[in-house]
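Given next are the chains, with one letter for each unit.
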Amino acid sequence: MKTTPFTDVHIALGAKMAEFAGYNMPIEYSGITEEHLNVVNNVGVFDVSHMGEFWVKGPNALAFLQKVSSNDASKLAIGQVQYCCFPNGKGGIVDDFLLYRYDEDKYMMVPNAANIEKDWEWCKAQNTMGAALENASDQIAQLAVQGPNAIKVMQKLTDINLSEIEYYNFKVGFFAGCPNVIISATGYTGAGGFELYFYPDYAKKIWDALFEAGKEEGIMPAGLGCRDTLRLEMCFCLYGHDIDDTHSPIEAGLGWITKFTDDKKEMIDRALLEEQKAGKLTRKLVAFEMIDKGIPRQHYDIVNEQGEVIGVVTSGSMSPCLKKGIGMGYVTMDYTKVGTPIAISVRGRNLKAEVVKGPFRK
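Along each chain, residues carry numbers from 1 onward, in the same order as the chain's sequence is written. Residue-level local features of this predicted model are given only where pLDDT is at least 70; pairs of side-chain atoms are given and counted only at 80 or more, and the full residue set underlies all totals for whole chains, interfaces and linings. Note that water and hydrogens are dropped before the side-chain values are worked out from all heavy atoms of the structure.

1. Re the overall build of the protein chain
To qualify as a helix, a DSSP run of H or I must reach at least 4 residues; to qualify as a strand, a run of E must reach at least 2; elements of each kind are numbered from the N terminus. Each helix and strand counted, the protein chain has eight helices and 19 strands in total. What the globule rule says is 2.2 Å times the number of residues to the power 0.38, and the radius of gyration is computed from C-alpha atoms. Taking 2.2 N^0.38 as the reference for a compact globule, 362 residues should give roughly 21 Å; the C-alpha atoms of the protein chain span a radius of gyration of 21 Å, in line with that estimate. The principal-axis extent of the C-alpha atoms belonging to the protein chain is close to 65 × 50 × 40 Å. Burial classification: accessible surface area is computed with a 1.4 Å probe over protein chains only, and a residue below 20% of its type maximum counts as buried, one above 50% as exposed, and the rest as partly exposed. Counting every position in the protein chain, which comprises 362 residues, the buried fraction comes to 59%. We call two residues in contact whenever any of their non-hydrogen atoms come within 4.5 Å of each other. Partitioning the intrachain contacts of the protein chain with sequence separation of at least 6 by distance along the chain shows that 65% fall at a separation of at least 24. About 15,500 Å² of surface is accessible on the protein chain, with carbon and sulfur atoms providing 51% of the total. Looking at the protein chain, you have 37 positive and 46 negative side-chain charges, and the mean spots of the two groups are 4 Å apart. Calculation of accessible area relied on Shrake-Rupley with a 1.4 Å probe; when residues are assessed, cover is drawn exclusively from the protein chains displayed. Residues scored as charged are limited to Lys and Arg (positive) and Asp and Glu (negative), so that His and the chain ends carry no count. Charge coordinates come from a single atom per side chain, which is NZ of Lys, CZ of Arg, CG of Asp or CD of Glu.

2. Considering the UniProt feature "domain: Aminomethyltransferase C-terminal" (unreviewed entry) in the protein chain
UniProt positions are given in the numbering used here, feature names are shortened, and annotations may be inferred rather than shown by experiment. Feature annotation in UniProt places "domain: Aminomethyltransferase C-terminal" (unreviewed entry) on residues 283–360, given in this structure's numbering. Here residues 283–360 runs as 0% helix and 55% strand, with 21 Å between its end C-alpha atoms.

3. A word on helix α2 (residues 32–41)
Burial in α2 covers these residues: Glu-35, His-36, Asn-38, Val-39 and Val-40. Tucked into the core, α2 has its buried residues touching β2 (23–28), β3 (44–47), β9 (141–146), β13 (220–222) and α7 (224–233).

4. Quick notes on the pattern of salt bridges
For this document, the term salt bridge refers to a Lys or Arg side-chain nitrogen within 4 Å of an Asp or Glu carboxyl oxygen. A complete count under the given rule lists 13 salt bridges for this structure. One salt bridge connects Glu-164 with Lys-171, and the closest N-O pair in it is separated by 3.7 Å.

5. Overview of the layout of surface pockets
The pocket and cavity definitions rest on a 1 Å grid over protein atoms only: a 1.4 Å probe that fits but cannot leave marks a cavity, an open set with protein on both sides within 12 Å along at least five of seven lines marks a pocket, and residues lining either have an atom within 4 Å of a point. Grid points are joined across faces, edges and corners, and a volume is the space filled by probe spheres set on the points. In this structure, the second largest pocket occupies an estimated 210 Å³ of space. Around the second largest pocket sit 13 residues that line it, and Trp-55, Tyr-102, Ile-140, Asn-180 and Tyr-199 are the ones nearest its centre. When contributions to the lining of the second largest pocket are tallied by element, the ones reaching two or more residues are β7 (106–111), β11 (178–184) and β12 (193–198). Gly is placed with the polar residues, together with every amino acid not listed as nonpolar (Ala, Val, Leu, Ile, Met, Phe, Trp, Tyr, Cys and Pro) or charged (Asp, Glu, Lys and Arg). Of the residues assigned to the lining of the second largest pocket, the class counts are nine nonpolar, two polar and two charged. Residues lining the lining of the second largest pocket come from more than one domain, with at least three contributed by each of domain 1 (6–51 + 139–233) and domain 2 (52–127 + 248–279). These domain limits were set by an automatic method or by a database of domain assignments.

6. A word on the domain arrangement of the protein chain
We note that the domain assignment places domain 1 (6–51 + 139–233), domain 2 (52–127 + 248–279) and domain 3 (282–361) within the protein chain. With 12 residues of domain 1 at the contact, the number on the domain 3 side is 14 residues. Taking both sides of the interface into account, the surface hidden between domain 1 and domain 3 amounts to around 970 Å²; carbon and sulfur atoms contribute 59%. Glu-233 is the salt-bridge partner of Arg-361, the closest N and O atoms lying 2.7 Å from each other. Counting of polar contacts relies on pairs of N or O atoms within 3.5 Å, with two restrictions inside protein: one atom must be capable of donating a hydrogen and the other of accepting it, and residues adjacent in sequence are counted only when both atoms are side-chain atoms. Across the contact surface, domain 1 and domain 3 share seven residue pairs in polar contact (both at pLDDT 80 or more). If one sorts the elements of the side of domain 1 that touches domain 3 by residue count, α7 sits on top with five residues. In terms of residue class, the side of domain 1 that touches domain 3 is built from five nonpolar, five polar and two charged. The term buried area denotes the loss of accessible surface (1.4 Å probe radius) that occurs when two parts are joined, taken as the sum for both partners.

7. A word on the sheet that holds β13
Whether two strands pair comes down to DSSP finding at least two bridges between them. As summarised here, the arrangement of the six strands in space is β10-β11-β12-β9-β3-β13, forming an open sheet in which the pairing is mixed. Among the strands making up the open sheet, the edge pair consists of β10 (170–175) and β13. Taking the axes of each pair of neighbouring strands and ignoring which way they run, one obtains an average angle of 30° across the sheet. Bridge count between β3 and β9: four bridges; the pairing is antiparallel. Of the residues in β9, the one forming a bridge with Gly-44 is Gln-146. An axis is simply a line fitted to the C-alpha atoms; with a helix, the fit covers only the stretch in contact. Between two such axes, the angle follows the N-to-C directions and lies from 0 to 180 degrees. Strand contacts of α2: β3, β9 and β13, with the helix running at about 115° to β13, the strand carrying the most contacts.

Right, dumping it as structure tokens:
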């Protein structure tokens, strides 16, 4: 298994480790529920160094991005971030990613760890205009410092005014004495906070500085287990669950990152996605809460009141904040309205649930 610059730290802290996307990653430390609630109410630190980073540079960078990204990269100012996905040319999604505009003709894409090689090959294959591409995934480490007290802890370690960094914006500067750190007001938890990108050589120094600065706030490390429950409470999609190569961004409720504002934007799958956005859908991703006791899991059938299969669960868990089962799944269009009664087939029993408006955690 691959390691991150923090793997030895996780092991020394007694984290429960497991393989994820080919990496030896911490799943939990003190427990998923405790770590989850600490992020929601305080501050937690996630090692996300397994994520990918691709540089896109040169005069043809924007043309390349307008082709491969569902979003409109022409709207990005330097210092801004977009959430995007790669349409796959068949009505599905190659992956979702963050796009940073670092400089005039320099962008950084941040794809999912499990899809780094697939995404890299996809980008190279689509680069017919000759943009300069660089896979820097092994040269960049990343920490996500998440929670309402993240800014209080992190401000002790930088002269950059973190309160001036708006959501989905970033700045570059010194952090914990380390230069050229990207400080980004993004995250995958819905609890506020920042993500830090830096050279692996600075990893130990930044980790130690964060935990020293956060002693008074009760800062805690957090594993991938609570990262999943946190993102689910916010109805954030996870690739391989709620989005994949067989579901489109429109079906997944990601019309807001699927832009046709630029008439010259020759985006992959544009005609199909425009048609779907106009209303031609047969299924859609919905959020639901359990009424009966039970935990929905990926691949469980979703049925109607007559017991007929109408869809499938893509993500599900017990919500640490709501103390009930929650989930997301694709259903046929007749069952997408908020308040619609449905049921989840759990080991032969149809447990009552209801379609709700996400996110679960407001």
